[in-house]
Amino acid sequence: MEQAWSDRLRRLTAAAPGIAYEFRRNPDGSYCLPFASDRMYEFFGIPIELLAEDAQHAFNRVHPEDLPELMRSIQRSERTMAPWRHEFRLRHQKGHYLWFLGQSIPTKDPDGGITWRGFLLDVTEFRKLSETLRDRDRFLANLLESLPVGVVVIRKQDERVVLINAAGAAMVSHSAEQLLNMRCRDVLCGGRLSKHCPFGESASEAAHQDELLLVQPDGTPIPVLRQFRTYSIPGDQDYYLMVFTDIRERKRLETALRDSESRYRELADSIPALVWISGPDGACVDFNRTWLEFRGRTLEQEKEDGWLEGVHPDDRERVTATYRNALQARAPFVMTYRLLRHDGVYRWIEDHGVPRLDTEGNFLGYAGGCMDITDRQEAQAYLEAVMAGVQAGVFVSDARTDILIDVNNEAARLAEQPRDSLVGRSWRDIITRDRGSDHPGAEERGWDGQIVTPKLHLRRVRVRETVSAVGGRDILVQSAMDITDLHHLLSSQQVDIALARQLLDDVVRPMPRHVNLGRDLSLFVDARVWPCAKAGGDHALVRNFGDLIGSPLTALALCDQSGHEVNCVLRGIYTTLTLDTILRGSRRTLQDRLELFNSLLELSGVFREEDFVTGWFGDIDHDTGILTYAACGHPPAFLIREGQVALLPDAGTPGNNGPCGFLAGTAFTTAALRLLPGDRVIAFTDGLAEMPYRNRKQRFTAPMLARLVQAIIDKNPDLPVSELTDVLLATITTFSGESVGGPNGDNSSADDVSILAFEIESLTQARQWILHPGSDRELAQSVTAIARELVPLWEKQGIRSPEFRLRSVLEEGLSNIWIHGHRKSPDIPIRVRAWVRNDCVLELAGAGEGFEPERVPDPRLPDRILADSGRGIFMIRRAADFLDWFDAGRAFRAAFRRPAAPAIPVPDPMEIMTFPVK
Amino acid sequence: MSQISTDVSGNTATIRVSVAIDGDVAEQMKTAFSALPLDKIKLLVLDFSAVPFIGSAGLGKLLLFYKRVSSNGGAIEVRGASRELQELFQELRLDLLFKIV
């Protein structure tokens, strides 16, 4: 019976999982295993009999790390008689360790021992699984905590938070520990149910995504994207899993994108150009307002290929091909075509397409802009027609580089080269400008030049040129008129502008320089004319009628002839001769002479309808010192007296008249004043006042020029009028950026520049010698003595070769007076005076019968070369820069021009220009 | 030093002047010239290297010398003339008559 129970027991234990065993603590404290199921042997390979004697064999199989705790657990169970339960590792007979869970119940044995009876279960796999699960839990926990989104798990039943990660807690500004077990609505909604709360009305959805505001404890709302779903755990409860994503940055970007799109739209619609956008497939997806208004259609109508309906049928195929080719290459393109406008009119469009790429270089389509170039096309066609039709050669070039941009057919004909071969070259390679051939003009410059063709044909051209700003650059347009035939004609007729000018100069010569007014006064006159391009019509005329009995006077005139070509100079000759004749012919008043002058000019037939002459005219009565003056269509002269400048005539006063030669029978008025010693007068032509216009687009009015003169005088009160003229001219030319009056008498400005200046010089301080030579030797000694005194002084004034020239004048002048005038009489005094003011002047005065110096034969004539005498007057003329005879040849003044004074401080003309006019 | 000196060597005569030739000196020149053996002179050299000035009277005398010398088949040479003198001779075309050296 017992054996049967033992066998049954053995079979049961063999079938049961694990190892059944008895484990005993003997009264002596040793341990043994009285019973173990067969698996014990299978596992350890230790015979049961050995284990029954001593459990140490089993302890030897415990993992060394687990043995101490195993023994402690056994001892605890011994003490407490509580059921024993422990997990530990045992080494299999194959050498590897397995985890076992030992469970048993202790009982006290009668002999004081304790026997535990239970099972050892192999829990190795279970433990592996547990560790795996634990690892996974740790991983998931770390993952959860590392997520940048808030994750919350809420128990549906009581709305309590069972899980929330750090990001989620941070969104509501709490720690995860604080939030666990709080009600969801308290965590997320500040105690209030938001309309999106899953516990609200929409809670029935299994999965949901929405945007809501998380309200922070301080009331700050944070926009979040909430995604939640419910899930059920069998055997457990239902939960909500919510994921909150902070979308503040996304909101900001969305707002920025909206703003950007809004700005784009605003910009695109405000651009006057037609703008379009296409997608990667080339289909147009957007057009700006300008395009739609131009076409008179809606966006829906124009989208995709709708816009093609507006392209002119003749252009459609080309446009489509161009666009398609560009799209394939994803390259920019330009195409020109006709597009139908809302009013049914086709307009020429220039369409520029540019590929659009994203930040990674992916092709997004095209952006295009179009301009209506119909007007430009028509203007181009018009220009082409004009260029083809105009009779002059037109050269269009870049004003900065001189490179030709376009020429017309006539230009090509002149150059005898194809148009294409001229474009791209410098115009200076084609046209050579003549030096000094400038023709003035305020807005347009002109000059003569020549074109030498490849076949060495010479063409003379007259060029007019202007510079205009076009499209941000300066364009030089030159029209070249072929004057080859005219030039030949003029050459054959020997019409020479320079000759005409020389004739005019000869007509007005000689002009006095120092006029004897008597009463120890001398009238100094300085007339300077700088013709523009040596072809101007300005002229000055000064005639000394000092020897006239009864009314000795000096007549002055500064005239400006209208026009600038050679005929103008010829008319100037006529004008001067007429004026001169009137002066010599009668003693009329200035007023009478002007009226006669005006009528003669107008009725002469020499003046065309548009011709006239302006001028400033003055008569100085030698006896009274009265200056009678008039301005005829001319700027006033300036009187400088005692440091003040006055206008002669002033505006609105007598002496102001219209031009001469314009209307016969016109009445003229004059004005008068008495000149005083030291008075300085400056008359000028408008070329001086207008000089700044070409480069500075500014002009001097008469009051402005007067202020400029005043400013010069203020700095240099006692400036002789010749130096005042030098300073005034230098100031204005420098300000104007022009060159007038240099050593060659050049005038780069656009008009003649003329100045007629005079001054009443007082001779009271002049050096004086009274000679009574009785012999040639005494005469020679006088010459030597005077020369010895004057030469150093004149040398200091910068007079060139003072000794030779001074001795020539003294020697010949004194000899002439003493021998021919005084017949060598020692009783008749010879007066010699010398002074320095505007010039260095030497005056010799004698008595006798007098003579006419101009009748003395020229000693250079062939029949005079061998003459023993007759060279004296020639040598005086040669030595002096100016020679004025008076008192019927009994006296003369030889003037030596002082070189230009060193530069003196001058006022800034800009201050004069901008100073308020009084 | 005398204002005017003369020298004869063969058929060359030299008149050297060292002052300005005004009317008075011109007469002295004439006197000096007249003292020369004019019928033998083929070359009259006028040394003006120290002459700062010549007046018309002096020029007149030169022409007198020229007529006399050239009538004998001779010539006149002016040496050492200053720039002013040379220019004067050229303007008066006296360089056609005298050799200016």
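Owing to the predicted nature of the structure, the values given are computational and were not obtained by experimental measurement.

## Looking at the pairing of strand β20 (residues 458–470) of chain A
Residues and elements named next belong to chain A.
Thought 1: Where β20 meets strand β21 (residues 473–482), 10 bridges bridge the pair, whose relative direction is antiparallel. Along β21, the bridge assignment pairs V467 with L476.
Thought 2: Counting the residues that bridge the hairpin from β20 to β21 gives 2 residues, and of these G471 lies at a positive phi of roughly 55 degrees.

## Observations regarding the interface of chain B and chain A
Thought 1: Each partner contributes to the interface: chain B provides 26 residues, whereas chain A provides 20 residues.
Thought 2: For the pair chain B and chain A, the summed buried surface comes to about 2100 Å²; carbon and sulfur atoms form 60% of the total.
Thought 3: The tally of links between chain B and chain A comes to 3 salt bridges.
Thought 4: A:R878 is paired through a salt bridge with B:E91; the nearest N and O atoms lie 3.0 Å apart.
Thought 5: Across the contact surface, chain B and chain A share 7 residue pairs in polar contact (both at pLDDT 80 or more).
Thought 6: Of all the secondary-structure elements, those providing two or more residues to the side of chain B that touches chain A are α1 (23–34), α2 (56–71) and α3 (83–91) of chain B.
Thought 7: Top contributing element to the side of chain B that touches chain A by residue count: α2(B), with 7 residues.
Thought 8: The residue inventory of the side of chain B that touches chain A, partitioned by class, reads 13 nonpolar, 5 polar and 8 charged.

## Details of the packing of helix α25 (residues 776–796) of chain A against helix α26 (residues 802–821) of chain A
Residues and elements named next belong to chain A.
Thought 1: Two elements in contact, α25 and α26, have axes separated by 9 Å at closest approach and are oriented at 145 degrees. Pair α25 / α26 crosses with right-handed handedness. Counting all contacts with α25, which are made through D776, L779, V783, T784, I786, A787, L790, V791, W794 and E795, the residues of α26 involved are P802, E803, L806, R807, L810, E811, L814, S815 and W818.
Thought 2: For the contact of α25 with α26, the residue count by class is 12 nonpolar, 2 polar and 5 charged.

## Details of the sheet that holds strand β29 (residues 644–648) of chain A
Residue and element names in this part refer to chain A.
Thought 1: Sheet architecture is open: 6 strands sit in the order β22-β23-β33-β32-β28-β29, paired in antiparallel fashion. Two strands close off the open sheet at either side, each with one partner strand: β22 (514–518) and β29. With strand direction ignored, the average angle separating the axes of adjacent strands in the sheet is 20 degrees.

## Overview of the packing of aromatic side chains
All names here are of chain A.
Thought 1: The full count for this structure, using the stated rule, is 30 aromatic pairs over all chains.
Thought 2: Geometrically, the ring pair formed by W885 and F892 is tilted, given 5.0 Å between the ring centres and 55 degrees between the ring planes.
Thought 3: Classification of F892 by relative accessible area gives buried; the value is 2%.
Thought 4: Taken together through their ring pairs, the aromatic side chains of W276, W307, Y323, F333, F363 and Y366 make up a single cluster.

## Some words on the sheet that holds strand β38 (residues 891–897) of chain A
All names here are of chain A.
Thought 1: Strand order in the open sheet formed by 5 strands is β34-β35-β36-β38-β37, and the pairing between neighbours is antiparallel. Sheet topology places β34 (767–771) and β37 (882–886) at the edges, where each strand pairs with a single neighbour. Geometrically, the sheet is characterised by an average inter-axis angle of 15 degrees between neighbouring strands, direction not taken into account.
Thought 2: Of the pairings in the sheet, the one linking β37 to β38 comprises 5 bridges and is antiparallel in character. In the strand pairing of β38, F882 is matched with A895.
Thought 3: Helix-sheet contacts for α25 involve β34, β35 (830–836), β36 (839–845) and β38, and the interaxial angle to β34 is about 170 degrees.
Thought 4: The sheet strands contacting α26 are β34, β35, β36 and β38, and the helix crosses β36 at an angle near 15 degrees.

## Considering unusual backbone geometry
Residues and elements named next belong to chain A.
Thought 1: In this chain, L648 is followed by P649 through a cis amide linkage whose omega measures -5 degrees.
Thought 2: For P649, the position within the fold is in the loop between β29 and β30 (656–657).
Thought 3: Even without being glycine, R330 reaches a positive phi, approximately 55 degrees.
Thought 4: Here R330 shows up in the loop between α13 (313–329) and β13 (333–340).

## Side note on empty space enclosed by the protein
Residues and elements named next belong to chain A.
Thought 1: Enumeration according to the criterion identifies 3 cavities of 30 Å³ or more in this entry.
Thought 2: Computed from the structure, the largest cavity encloses a volume of approximately 220 Å³.
Thought 3: In terms of lining residues, the largest cavity is bounded by 16 residues, among which F23, F59, W84, F88 and L120 are the most central.
Thought 4: The leading source of residues in the lining of the largest cavity is strand β3 (residues 84–91), at 3 residues.
Thought 5: A class-by-class count of the residues in the lining of the largest cavity yields 15 nonpolar, 1 polar and no charged.
Thought 6: Taken as a whole, the second largest cavity spans an internal volume of roughly 60 Å³.
Thought 7: Lining the second largest cavity, in full, are L541, A555, L556, A557, L579, L583, L590, R593, L594, F617 and G618.
Thought 8: At the level of elements, β25 (553–561), α19 (566–585), α20 (590–603) and β26 (613–621) are the ones that each hand at least two residues to the lining of the second largest cavity.
Thought 9: Classifying every residue of the lining of the second largest cavity gives 9 nonpolar, 1 polar and 1 charged.

## Concerning the pattern of salt bridges
All names here are of chain A.
Thought 1: Applying the stated criterion across every chain yields a total of 69 salt bridges over all chains.
Thought 2: Close ionic contact of R252 with E249 constitutes a salt bridge, the shortest N to O distance being 2.5 Å. Residue R252 and its partner E249 are located together in helix α10 (residues 248–270), separated by 3 residues, close to a single helical turn.
Thought 3: When its relative accessible area of 46% is taken as the criterion, R252 is described as partly exposed.
Thought 4: Overall, the relative accessible area of 44% leaves E249 in the partly exposed class.
Thought 5: D482 is the partner of R459 in a salt bridge, and the nearest nitrogen-oxygen pair spans 3.4 Å. With R459 in strand β20 and D482 in strand β21, this residue pair connects regions lying 23 residues apart in the sequence.
Thought 6: On the accessibility criterion, D482 (25% relative accessible area) is partly exposed.

## Here's the deal with the environment of A:K303
Residues and elements named next belong to chain A.
Thought 1: Position of K303 among the secondary structure elements: in the loop between α12 (299–302) and α13.
Thought 2: Expressed as a C-alpha distance, the spacing of K303 and F287, which sit 16 residues apart in the sequence, is 7.8 Å.
Thought 3: Those residues in contact with K303 that sit more than four places away from it in its chain are C284, V285 and F287.

## Re a nonpolar patch on the surface
Thought 1: Together, A:F139, A:L140 and A:L143 make up an exposed nonpolar region whose accessible area comes to about 290 Å².
Thought 2: Within the secondary structure, A:L143 sits in helix α6 (residues 124–146).

## Brief notes about the side chain of A:R295
All names here are of chain A.
Thought 1: Structurally, R295 can be placed in helix α11 (residues 289–295).
Thought 2: What makes R295 buried here is its relative accessible area of 6%.
Thought 3: A distance of 3.1 Å separates a polar side-chain atom of R295 from the backbone oxygen of L340.
Thought 4: Setting aside its immediate chain neighbours within four residues, R295 contacts E302, G306, W307, E309, G310, L339, L340 and H342.

Definitions and limits used
Residues numbered from 1 in each chain as written. Chains lettered and ligands numbered in written order. Predicted model: local features only at pLDDT ≥ 70, side-chain atom pairs only at ≥ 80, totals over all residues. Heavy atoms only, no water. Pairing = 2+ DSSP bridges. Helix = DSSP H or I, 4+ residues; strand = E, 2+ residues; numbered from the N terminus. Contact = heavy atoms within 4.5 Å. Buried area = accessible area lost by both parts, 1.4 Å probe. Salt bridge = Lys/Arg side-chain N within 4 Å of Asp/Glu carboxyl O. Polar contact = N/O pair within 3.5 Å; in protein donor to acceptor, adjacent residues only side chain to side chain. Nonpolar A, V, L, I, M, F, W, Y, C, P; charged D, E, K, R; others polar. Axes fitted to C-alpha atoms, helices over the stretch in contact; angles between N-to-C directions. Left-handed = near helix turned anticlockwise from the far one by under 90°. Phe/Tyr/Trp six-rings, centres within 6.5 Å; stacked < 30°, edge-to-face > 60°. Buried < 20%, exposed > 50% of the residue type's maximum accessible area, 1.4 Å probe, protein only. 1 Å grid on protein atoms, 1.4 Å probe; cavity = no way out; pocket = protein on both sides within 12 Å on 5 of 7 lines; lining within 4 Å. Points joined across faces, edges and corners; volume = space filled by probe spheres on them. Patch = residues over 30% accessible without salt bridge, like charges linked within 9 Å, V, L, I, M, F, W, Y side chains within 5 Å. Areas by Shrake-Rupley, 256 points an atom, 1.4 Å probe, with all protein chains shown as cover.

Fair warning: the whole summary comes from geometry, so function is off the table for now.
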